[in-house]
Structure formats: C-alpha cells, structure tokens
Amino acid sequence: RAGDPLPISVKCQLNIQKCITNTMNLLLLLLLFPSSVPSEGLSIKMFLRGRPITMYIPSDFHNYEDLRMELPTQKLQLDWVYGYRGRDCRSNLYVLTSGELVYFIACVVVLYHVQRRTQRHYLRHTDCVRCLAVHPDGVHVASGQMAGVDKDGKPLQPFVHIWDSVNLLTLQQIGLGSFERGVGSLAFSTADEGAYLCVIDESNEHMLSVWDCVRGTKQAEIKSTNESVLMVEFNPQDSSNIITAGKSHVYFWTWVGSSLTKKQGIFGKYKKPKFIQCFVFDTNGDVLTGDSEGNILTWARAAADIRTLGKGAKETYQISKQTHAHEGSIFCLCLCHDGSVLSGGGKDRRLVQWSPLLTVLQEVEISEQFGAVRTIAEGESGELLVGTTRNALLRGSLAEGFKPIIQGHTDELWGLGTHPSRDLFVTCGYDKQLCLWDGGEHMMAWSLTLEETGLCADFHPSGKVVTVGLSTGRWQVLDTETRQVLSSYTDGNEQLSVVRYSPDGEFLAIGSHDNFIYIYSVEEKEHKYTRFGRCMGHSSFITHLDWSKDGKFIMSNSGDYEILYWEVAKGCKLVRNRFDNRDREWASYTCVLGFHVFGVWPDGSDGTDINSLCRSHNERVVAVADDFCKVHLFQYPCAKPKAPSHVYIGHGSHVTNVRFTHDDGHLISMGGKDTSIFQWRVLGGSPPASRSLSSISSYEAGSST
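Residues numbered from 1 in each chain as written. Predicted model: local features only at pLDDT ≥ 70, side-chain atom pairs only at ≥ 80, totals over all residues. Heavy atoms only, no water.

A.B. asks: Please set out the packing of aromatic side chains residue by residue, giving values where relevant.
C.D. replies: Throughout the structure, instances matching the rule amount to 29 aromatic pairs. Summarising the aromatic geometry, the rings of Phe 252 and Trp 299 are spaced 5.8 Å apart at their centres and angled 55° between planes, so their arrangement reads as tilted. Of this pair, Phe 252 sits in strand S18 (residues 249–256) while Trp 299 sits in strand S22 (residues 295–301), and the two are 47 residues apart along the sequence. Each of the two residues, Phe 252 as well as Trp 299, counts as buried. (Phe/Tyr/Trp six-rings, centres within 6.5 Å; stacked < 30°, edge-to-face > 60°. Helix = DSSP H or I, 4+ residues; strand = E, 2+ residues; numbered from the N terminus. Buried < 20%, exposed > 50% of the residue type's maximum accessible area, 1.4 Å probe, protein only.)

A.B. asks: Residues and numbers for the pattern of salt bridges, please.
C.D. replies: Throughout the structure, instances matching the rule amount to 27 salt bridges. For Arg 117, the salt bridge is made with Glu 441, and the minimal N-O distance between the two is 3.3 Å. Placement of the pair is Arg 117 in the loop between strand S6 (108–113) and strand S7 (118–122) and Glu 441 in the loop between strand S34 (433–438) and strand S35 (443–449), with a sequence separation of 324 residues. Note that Arg 500 is salt-bridged to Asp 546, the shortest N-O span being 3.2 Å. Of this pair, Arg 500 sits in strand S40 (residues 496–501) while Asp 546 is found in strand S44 (residues 542–547), placing the two residues 46 residues apart along the sequence. Connected via shared salt-bridge partners are Lys 549, Glu 585, Arg 615 and Glu 619. (Salt bridge = Lys/Arg side-chain N within 4 Å of Asp/Glu carboxyl O.)

A.B. asks: Which residues make up the nonpolar core, and what are the values?
C.D. replies: Side chains that are nonpolar tend, in soluble globular proteins, to be buried together. Leu 76, Tyr 103, Tyr 112, Phe 660, Leu 667, Ile 677 and Trp 680 are the most contacted members of the largest nonpolar core, which has 43 residues in total. In terms of residues, this core owes the most to one element, strand S3 (residues 75–82), which gives five residues. Sequence-distant contacts of Tyr 112, that is, excluding residues within four places in its chain, are made with Trp 80, Gly 99, Glu 100, Leu 101, Tyr 103, Arg 117, Thr 118, Gln 119, Ile 405 and Ile 406. Formed by 34 residues, the second largest nonpolar core is a distinct cluster that contains Ile 57, Val 575, Leu 593 and Phe 634. (Core = buried A, V, L, I, M, F, W, Y, C linked by side-chain atoms within 4.5 Å. Contact = heavy atoms within 4.5 Å.)

A.B. asks: Give me the sheet that holds strand S11 (residues 170–174): which residues, what numbers.
C.D. replies: Taken in spatial order, the four strands make up an open sheet running S8-S9-S10-S11, and their pairing is antiparallel. Across the chains shown, the open sheet's two edge strands, defined by having one partner strand only, are strand S8 (129–134) and S11. Going from strand to strand, the sheet's axes swing by 20° on average, the running direction of each strand aside. Across five bridges, strand S9 (residues 140–145) lies against strand S10 (residues 160–164) in antiparallel orientation. Bridge assignment links Gly 144 to a residue of S10, and that residue is Val 160. (Pairing = 2+ DSSP bridges. Axes fitted to C-alpha atoms, helices over the stretch in contact; angles between N-to-C directions.)

A.B. asks: Describe the confidence of the model for the protein, and please don't skip the residues or the numbers.
C.D. replies: Residue-level pLDDT values for the protein average 90, and 89% of them are 70 or greater. In this model residues 26–40 is a low-confidence stretch, pLDDT under 50, and it forms 11 contacts with partners more than four residues away in sequence or in other chains. Segment residues 687–705 is flagged for pLDDT under 50; beyond a separation of four residues in sequence, or across chains, it makes 45 contacts in the model. (pLDDT = per-residue confidence, 0-100.)

A.B. asks: Explain the UniProt feature "transmembrane region" (unreviewed entry) in the protein to me, using residue names and the numbers behind them.
C.D. replies: Per the UniProt record, "transmembrane region" (unreviewed entry) is found at residues 93–114. Between the C-alpha atoms that bound residues 93–114 the distance is 13 Å, and the span itself is 0% helix and 64% strand. (UniProt positions renumbered as here; feature names shortened; annotations may be inferred.)

A.B. asks: Got a sec to walk through the layout of surface pockets? Specific residues and values, please.
C.D. replies: Its boundaries defined by the atoms lining it, the second largest pocket holds a volume of some 1200 Å³. Lining the second largest pocket are 37 residues, with Tyr 94, Glu 233, Val 280, Cys 334 and Leu 335 sitting closest to its centre. If you list the elements that add at least two residues to the lining of the second largest pocket, you get strand S4 (93–95), S8, strand S12 (183–188), strand S16 (229–235), strand S20 (276–281), strand S24 (330–335) and strand S28 (373–378). (1 Å grid on protein atoms, 1.4 Å probe; cavity = no way out; pocket = protein on both sides within 12 Å on 5 of 7 lines; lining within 4 Å. Points joined across faces, edges and corners; volume = space filled by probe spheres on them.)

A.B. asks: Explain the sheet that holds strand S27 (residues 360–365) to me, and be specific about the residues and the numbers.
C.D. replies: The strands making up a sheet associate through hydrogen bonds between their backbones, and the pairing can be parallel or antiparallel. If you walk across this open sheet you meet the four strands as S24-S25-S26-S27, and the pairing is antiparallel. Taken across any chain shown, the strands that pair with only one partner, and hence form the sheet edges, are S24 and S27. Pairwise comparison of adjacent strand axes, ignoring direction, gives a mean angle of 15° for this sheet. Where strand S26 (residues 350–354) lies against S27, five bridges are found, and the strand directions are antiparallel. Bridging from a neighbouring strand, Val 352 pairs with Glu 363 of S27.

A.B. asks: A description of the side chain of Ser 343 should follow, citing residues and the corresponding values.
C.D. replies: Within the fold, Ser 343 resides in strand S25 (residues 341–345). At a separation of 2.7 Å, a polar atom in the side chain of Ser 343 contacts the side chain of His 326. Apart from residues lying up to four places away in sequence, Ser 343 is in contact with Ile 296, His 326, Ile 330, Cys 332, Leu 333, Arg 350, Leu 351, Val 352, Trp 354 and Ile 376. (Polar contact = N/O pair within 3.5 Å; in protein donor to acceptor, adjacent residues only side chain to side chain.)

A.B. asks: So what's going on with the side chain of Gln 679? Which residues, and what values?
C.D. replies: Topologically, Gln 679 is positioned in strand S54 (residues 677–683). The buried category is assigned to Gln 679, whose relative accessible area is 2%. In this structure the side chain of Gln 679 is engaged in a polar contact, spanning 2.7 Å, whose partner is the side chain of Tyr 82. Among the polar contacts made by the side chain of Gln 679, one reaches the main-chain carbonyl oxygen of Gly 439 at a distance of 3.0 Å.

A.B. asks: So what's going on with the pairing of strand S39 (residues 485–490)? Residues and values would help.
C.D. replies: In this structure, strand S38 (residues 474–479) lies alongside S39, joined through five bridges in antiparallel fashion. When the bridges of S39 are listed, Arg 474 appears paired with Thr 490. Counting the residues in the hairpin turn of S38 and S39 gives five residues, including Arg 483, whose phi is positive at 70°.

A.B. asks: How would you explain the environment of Leu 171 if you had to name every residue and give the values?
C.D. replies: Its location among the elements puts Leu 171 in strand S11. According to the relative accessible area criterion, Leu 171 is partly exposed, its value standing at 43%. Taking the C-alpha atoms as reference, Leu 171 lies 9.0 Å from His 140; in sequence the two are 31 residues apart. Residues contacting Leu 171, with those up to four places away along its chain left out, are His 140, Ile 162, Trp 163 and Asp 164.

Below you can see the structure in the form of structure tokens.
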C-alpha cells in the first residue's frame, strides 16, 4: 500500500509472531485454568421459544452419546385423594350398599369407607367429573364429565360412564359425540329397577335425553330450555314421568317411546323464585321443591291422572303448600328412610329435619368454617353425611353435631412443602389457607387463614418451622406445632415464587418476581432471620432454585429460561463461568432447567409446559407436573431429549407442584384450579426407610385402582 513504512515481508513476520504468542498464551491458559476454556462437545443446547439454553455436560458423563433413557423401574399408584368438589356441584355424594361414600373431585370418583378409612378410585374419566347418580341396586354408578381439551387445544368430547363399584370396571360409555360442553345432571330410573338413565347436557339448549343402560342406546331426546338446569329425576313410581328444575322453572316431562313432552309448573299466586335449586319426591308421591327464596313448595299430583288417563299421560302438579324454611337459598332436600325430609340452607347454613307434614323436628347450624350445606346423604342407622360449599364432607347427626371427615382447599393451589423427617406436608393457595396434612393418617392436621395468598412453602431441616411466601412480597415463619407466626418480613412488593432452606438450615433463599433472590441467615432456633445478601443478575422473575449439598451455592431458573449459579459465601456473587458448576452436587433438584432434567421437556414446548419437578431423595427418579393435567415419572438423570416416562392421570387442571415425601415412599401432587391434592404411593425400588406417623395397618389399608 502506498506510503506504508513497513515492507510486506516485515508485516507478515510480525503477524506470524503475534499468532505464535497468542497460541502460547492460550496453551498456558489451558494448562493453568483448564475449566475456563470449555472445549467443543462439552456442552449441549436445548431451545425454548427459539431461545438456546446452554448446559454443560458433567465430567462423569464420559460416554454421553451412549447414554440411554429408559422407563424407571419405580411406578406410582394413587393412594389417597384429599378434597371434595362441593363449591359448584350438586348431586355429588351418595352412600353405596358396601357402606362406602361415593363422591368426586377433579377427574377422580372416590369411594371412601369411613370406618375402615380406605379409599378406592375410579380413574376412567378424561376431564373433570361434574355429576353422579347411583343405581337403585346401590352398586352401579353413573358419572358424567366435562368436555375439556387435549394438549394441542382440541376439544375432547364429554360422556357418561356406567360402572361397577365393586370391581371398578366400566360397563357402558354413553353419549360420546352426543353431548356438548359437558354433562350437568344424571338420574337412574327407579320404577323399572334402573333400566334407564336420564341425562342433561351443558349445551345452550340443555338437551334432555333418555338412554338404555344395558344397550347404551339413546331412546329419546329433546331441547330442554335455554336457562340453566340444575337437577333431573325420574318419578320413583313411574319412569314415564321425569322432572327437571333450574333457573325460574320446574318442568314435568312425559316420556313415551321416542318422544318427550313437557308441562311447565305454574306458580300462580305464589312468587316465582329465581332458581329452583332442588326437589325430592315425598312418601305420598308429591314433589317438594327448594328455591332461592328459602321456601319449600309442595306440588301435589292430581289424583285422577293415572287412573283415568293411563300410564304415560302428562302429570298434572299444582302447588298445595308453601313452607318458609331458610333465610336465603335451599341448596338440597333429602328424603330419609323414616319418611322425614332434610333441608340444607345456603346463607343460614342450617340443616333442618321436617316431618312428613313439614313441621320442624330438629335443626342444627353448620360451622361457618365449612360453608353452606351443599348436599345431604343418609347412611346406616340414621347417620348423616353432609357435603358443603367449602369442599368439606361432614359426618354426624342433628342431635350430636357434625365433624369433618374430608376437607380441602377452595381455590387454586400452588404452594407445597414436605416435612424433612415425618409424613407431613403443607399446602397453600389463592384461598389464603395454609394447611398441614398428615399423610399417614390421611387427614388435615390443621389449617389457618393467611392475610394474603400463599404461593410457596418450605420446612426448615429441623421440621420445627415452616416458611410461607405470599403474593405481596411478604413471607412468614410459623411454628408447625403451635401455628404461631414467629417472624414476618417483606422483600420487594411483588409475589414470591419459591422459598428454600439450605441443607444445614443456616440460610433461607427467597425467589421473587422482582428478579432478585434474597438470602437470610437463620438464627436463634429458627426464630430470627437476618438479611445476608441479595442475588442480582436475573433478567426475569425467579421461578425455581436449589441449594448445593455443601450449602455454599445456589442454582436458579427464571421466567426467561436462564440458568444461573450463585456463590452465597462470597456475598451472593454470580458465578460468571457456568462451566465450573457442571460437577456440583445439589441437595435437591427442583429447577426445571438443567442438564440432569432437560430430557423431561416435550418437543415443541413453549417453556410453560412444565410447572414443577422434583428429584427423589435417593436420586433415582424425577417427578414432573405438567400443564396438561398429567404427572410424569422419569428416570434420573434425564439428560436426553424425548425421554420416556410413566404418565398418570386424575388431575382436572394444570398440575402446579410435586414433591416426594422424606423417605421417597410417596409423591404429593397438586392440581391448580381443581383444588385437588393427590398422594401417590411409589412402587418398586428399595422400600421406604420409615413410616414416621402412619401406622403399618393404616399404610397397608389404602387401596386404589
């Protein structure tokens, strides 16, 4: 080049010398700091929403290409279901001839024997169950479900299953392709020994259809009404007569062959209620309706109808009596074996027993903590079972009162923590309830109301306290025995997504939606907490975190799919070279992103498909909670794409959290909006080391299918 002071030969020689110097420096760097310059092939990439996520292969995976992903030898079996769906469903509690209660939550129909304290489970539904009916023989059961969608967003058709409660075998699938949106109400005929089933679907017209239970064929169908329908029943004395009730109506139907005709109930001089919530046939064949005005109306059947017009003629019912029974709505009516009638109130929460002439015999008020009376069933020797609107099942009598036998949450669940040495776990959610459960005794040990929504929880390694993260940036430390709040702190003003104690219990890490991880030192027997530092470096909200086994490092995930590492002892310092952490051992593995678990992600995932995962304490399997109502069990480590898994159904909405119990004997999973909590028994592999709270007899007694 013109004007260049150096000839070309000299410039080439200088460039060669620079190359040699740079190469020597690189070799020296490799010799002195071999981990600082990763070589090709020591990392792998996965992609979420087109974003590459780099993960470094641990040094003990010498033959990564030969690593095979297989199904784990362990499996899960549903052991116990906590909760009951009473907040928005009717006709959802019955007593079978076996003495078992039958009710539902999520996609599971539960058969619960109170005296034996055992559960069995019917698991053939693909979406949330909404209604039940029990055959006159007290053995066969019909259950109807909602439509739902598959993982690709395509609608799934609703249907009704008729099944045997003894062996849990499905006898008939009815209505696949006939119902829209879901099945709202069911009833078996009684006069002809349960030969027919009546169904109301959730379409705009609320189609009413009659089905042959043995053949599974439709006998008749008609549009019912555009108003909501809450209940359907056959006349127990004549199957050609059917009654439906709901918003501003009660209809009396006549079924002949393939035709259905209706006659509307006329209220006449009586005020027409907004809703007919329930009805029952009394011992005289009259119909008693309970409405939103708190009244019981007696609809007397015209005596001449059947005698003069013959079977199949339209029934004529007229209101003969009005009885004011409750303040607010009457949610349920139940005809007892002795001919008396029970009514359950909403606003006043009263349970009232009436004589056949509708005079009050006795009454009791249900405790406010359980909500209103949703449904009533009569058991043996006059024992009463009551389902409530706050998802509790109560057992007792009007004379002696009622005690809960099943309790549950009432709103979306997110927070879950398992005790470090006992069969206990805590749950919390949008209903602001913090509940401690005894997994051995299969019952709620206690619950308390939080000031705000609880989103995450963790036990201290001592098991004496539990920390709960709330939706406002506050977190509280509670004594597990006394339920007393020992400490309360606030970090930021956004929701907390994860709280996690270090393995030695000396530190507490708190992950927030403000992108920070707050570290506290734990002092004075877990009663005092002092801010130690703050981890700053994530560019999105914290989703998951884990401590290393030595308690010196933290691995964390964020909403934008980052994997970062932190050295706590050095002031919560971000570890810039992530390659240095490839061989670090972790006390727990709940981060959904990482080399050891990236194989759990499905193809084409958008990054929200997995809500939670948890490695077992023996480090053999990893359980996954996905966004499609499924629980998966994978081999651990799960470090290759498209890894196979055991898949388990039962939840009716996104599964929000999973945790193994202290001895890996059970897995706890939580549904989100279905408010269900499942306790799965882990089968195969080495047996659990101990059963700290549960007795051997109660552990072995539970059965499921």
